[in-house]
Amino acid sequence: DATCHLGETVRIKACATGKFLRVQKDGSCNGLGDSAEPETQFVVDRGGQPVTSGGLVTLTSLVNKCYLHGTPTGALHALPGGDSWRFWRISKKDCVAGSS
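Residues numbered from 1 in each chain as written. Predicted model: local features only at pLDDT ≥ 70, side-chain atom pairs only at ≥ 80, totals over all residues. Heavy atoms only, no water.

1. Notes on the nonpolar core
One broad rule of soluble globular proteins: the nonpolar side chains tend to lie buried together.
Phase 1 of the analysis: In this structure, Val 10, Leu 21, Val 23, Cys 29, Phe 42, Val 44, Val 57, Leu 59, Cys 66, Leu 68 and Ala 78 together form the largest nonpolar core, which totals 11 residues.
Phase 2 of the analysis: Secondary structure elements with two or more residues in this core: strand S2 (20-23), strand S4 (42-45) and strand S5 (56-61).
Phase 3 of the analysis: Non-local contacts of Leu 59, meaning those with residues more than four positions away in its chain, are made with Val 10, Ile 12, Phe 42, Val 43, Cys 66, Tyr 67, Leu 68 and Trp 88. (Core = buried A, V, L, I, M, F, W, Y, C linked by side-chain atoms within 4.5 Å. Buried < 20%, exposed > 50% of the residue type's maximum accessible area, 1.4 Å probe, protein only. Helix = DSSP H or I, 4+ residues; strand = E, 2+ residues; numbered from the N terminus. Contact = heavy atoms within 4.5 Å.)

Below you can see the structure in the form of structure tokens.
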């Protein structure tokens with residue numbers, strides 16, 4: 001089943017590098033995670049139907065229970081606050097050649 005439901009955990013993988021989005025315990029984020037790290041797991045926070053391409057979701061870090069959010073300057077954080085910037089649009093894309 002390729003759908004994600006409320007409360008399930010997901011990992012976000014960069015197709016170009018094969019690495020995962022990761023939240024450190026201090027709330028800083030980077031794109032250097034491995035699939036075995038719990039820091040790469042996020043909880044899908046969206047009720048109702050399965051998440052589909054184009055849907056809006058919020059992502060909560062399993063490590064520190066804060067929302068993942070981007071800032072207007074392009075930084076990523078999972079820290080308290082940032083509620084105005086916590087929404088993410090899911091878009092299904094095929095991975096680039098050479099990535100799994």
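2. Quick word on the environment of Leu 62
Phase 1 of the analysis: With respect to the element layout, Leu 62 can be found in the loop between S5 and strand S6 (69-70).
Phase 2 of the analysis: Using a relative accessible area of 27% as the deciding quantity, one classes Leu 62 as partly exposed.
Phase 3 of the analysis: When the C-alpha positions of Leu 62 and Val 43 are compared, they lie 6.8 Å apart, and in sequence the two are 19 residues distant.
Phase 4 of the analysis: Apart from residues lying up to four places away in sequence, Leu 62 is in contact with Thr 9, Gln 41 and Val 43.

3. Focus: the environment of Asp 34
Phase 1 of the analysis: Tracing the sequence through the fold places Asp 34 in the loop between strand S3 (29-33) and S4.
Phase 2 of the analysis: We classify Asp 34 as partly exposed; its relative accessible area is 39%.
Phase 3 of the analysis: Each C-alpha atom of the pair Asp 34 and Phe 20 lies 5.9 Å from the other, and the pair is 14 residues apart in sequence.
Phase 4 of the analysis: Not counting residues within four places of it along the chain, the set of residues in contact with Asp 34 comprises Lys 19, Phe 20 and Thr 40.

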